[in-house]
Amino acid sequence: MNANEKKQQLLDRLKPYGQEHVLRFWDQLSDEGRQRLARQIEQLDLAQLDAILRCEQVSEDWAALAQRACGPPAFRLDREDERISRQQARQRGEQELRTGCLGVVIVAGGQGTRLGFDAPKGLFPIGPVSEASLFQILVEKVVALGRRYGVRVPLYVMTSPATHRATVDFFADHDCFGLPGESVRIFSQGTMPAVDARTHRLLLAEKDSLALSPDGHGGLVAALVRSGALEDMQRRGLKHLFYMQVDNPLVEVGEPTFLGYHILSGSELSTQVKAKTDPEEKVGNVVSVDGHVRIIEYSDLPAEAACRCDARGELELWAGNIAVHLFDVDFLNRVADDPESLPFHLARKKVPYLDEQGRRVEPSEPNAIKFERFIFDLLPMAQQAIVVEVDPRRVFAPLKNAPGSGQWSPETVRQQMIELHTEWLREAGATVDPGVAVEISPLFALDAEQLRERIPAKLRVCQPMYFAEVTGRGKPNV
Ligand code: UTP
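The following paragraphs examine the structure supplied in this document. (Residues numbered from 1 in each chain as written. Predicted model: local features only at pLDDT ≥ 70, side-chain atom pairs only at ≥ 80, totals over all residues. Heavy atoms only, no water.)

Details of the packing of helix H1 (residues 3-14) against helix H2 (residues 31-43)
What counts, and what does not: Whenever a helix is involved, its axis is fitted only over the stretch in contact; in every case the axis is a line through C-alpha atoms, and angles between N-to-C directions fall within 0 to 180 degrees. For helices the rule is a DSSP run of H or I covering at least 4 residues; for strands it is a run of E covering at least 2, with both sets numbered from the N terminus onward. In what follows, roughly perpendicular refers to angles from 65 to 115 degrees, roughly parallel to angles under 35, roughly antiparallel to angles over 145, and oblique to any angle outside these ranges. Whether a crossing is left-handed or right-handed is set by the direction in which the near helix is turned from the far one by less than a right angle, anticlockwise for left-handed and clockwise for right-handed. Should any heavy atoms of two residues lie within 4.5 Å, those residues are counted as being in contact.
Where H1 contacts H2, the axes come no closer than 11 Å and their chain directions differ by 25°. Between H1 and H2, the interaxial angle falls into the category roughly parallel. Handedness of the H1/H2 crossing: left-handed. Residue-level inspection shows Ala-3, Lys-6, Gln-9, Leu-10, Arg-13 and Leu-14 of H1 in contact with H2, the latter providing Arg-34, Ala-38, Ile-41 and Glu-42.

This is the structure:
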């Protein structure tokens, strides 16, 4: 097919939806540029896009929903559950871990715009002493988990077209941080185009490229199917998938108590939550509505509902999502059969684009609509979904914002890591001089208990110290 015939074929696709303008620069493009643009257009589901935009006006009645919402089925930190004790949960989780049927997924396809780092976020050197990357810390936790329970823990990493190559190269350059190559699978999620917020016309990022962005962490389900990762999980006999985001170096990967509660409750999808300290805190609210667990974003939660208290005088909608989940693999398979199970959310964002003359425009105000799927929209479909409360000081420090910008910036995340590891050292009997930075590699110890077995008695730390893999019992490799 020559270039003109190809153009005509593409026009026939675009015309019914009024999107022919994306071929405006076709005649100026190289063969390679034409192929690239044609490929992008052919991958678009224009009918779906049209349908999503038509539904834009029909938004959820959040006030009515919040009115009916109550706290989700939960295991709280400050009270023992009558049916399942913390100890029972821990034992059940450990038993399951020893059977090797847990896999781990890191979602790392986001663009990390707030952080403003020019490589994928997983490469960011967050270690306060070691400058280890987020990926190194997270993968070492997977390695350490496998060692502790004497099993192989397969790791799945979701990237996006923007982060894929650099992520694959980074893992290869670092020998997968100690995981055997056959235990690691890196696959890319899909993309969605951005459209002009006023006209709903597709935006061009380049003369030969649409403005595309990853389709949200909810793109995981489709990407697991498309990449064969879901099949791989079944082949390996995995029953559960531990889900984490790439930005939280404090996450407790495969934590047994969480897994135990999940199994003993018969839950298909469990979520770690933090108790909100402020009714209008900027976290997703995990709630129960009409018997289904779901999330109401803070921006959608009316103040009256946010402030509502129960008989104890505590916030009724208290559970804040920290984006750590456990999925049953059978559940993922079930929802994967219905590709439409996750809706698209529309967000108004600033998206640079080419104007009619081909000049690049950097908007100062949101000019475009982007489309994303959210993984937590699976919650209402899960049987017996539960939440497990955690102490955010110890397990939650997501790197979101640029250096020097306050909460969830590299400085505050590093500080929280230092504080936690100082606490572990003190719990393990060491003395740490005030103001001294310490960092513990997951391969050295996963918690204070393990640390106690590894450090010399009466250790005093008076200068910055990185506790790395043990080279000899009792000798930190500093
Ligand atoms: P965030 O919502 O914090 O987005 O993603 P982000 O891309 O990291 O940062 P901003 O908003 O552009 O500043 C939470 C997690 O979900 C992943 C991210 O990589 C991160 O681990 N994610 C997000 C995806 O894997 N794909 C997406 O399309 C979006």
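That covers the picture; the talk isn't over yet.
Let's talk about the sheet that holds strand E15 (residues 345-349)
To keep things clear, this is the line we draw: Pairing between two strands requires that DSSP report at least two bridges joining them.
Strands sit in the order E6-E18-E15 across an open sheet of 3 strands; the sheet is antiparallel. Each having just a single partner strand, strand E6 (195-196) and E15 make up the two edges of the open sheet. As paired elements, E15 and strand E18 (residues 368-372) share 5 bridges and run antiparallel to each other. Counterpart to Ala-347 in the pairing with E18 is Lys-370.

What about helix H7 (residues 164-173)?
Cut-off, in case you're wondering: Under the scheme applied here, a residue whose accessible area is under 20% of the maximum for its type counts as buried, over 50% as exposed, and between as partly exposed, the area being computed with a 1.4 Å probe on protein chains only. Each C-beta atom gives one direction from the helix axis, and the arc is the one those directions make.
Among the residues of H7, Thr-167, Phe-170 and Phe-171 are the ones counted as buried. Take H7 and look down its axis: the buried residues cluster within an arc of 95°, on one side only. In H7, the exposed positions angled more than 90 degrees off the buried face are occupied by Arg-165, Ala-172 and Asp-173. Looking at the packing, one finds that the buried side of H7 touches helix H6 (134-149), strand E3 (155-159) and strand E4 (184-188). Positive backbone phi, approximately 45°, marks Asp-175, located one or two places after H7.

Quick notes on the environment of Arg-226
Within the element layout of this structure, Arg-226 appears in helix H8 (residues 220-227). Look at Arg-226 and you get exposed, because its relative accessible area is 54%. When the C-alpha positions of Arg-226 and Glu-206 are compared, they lie 27 Å apart, and in sequence the two are 20 residues distant. Not counting chain neighbours up to four residues away, the residues in contact with Arg-226 comprise Ser-188, Gln-189 and Gly-190.

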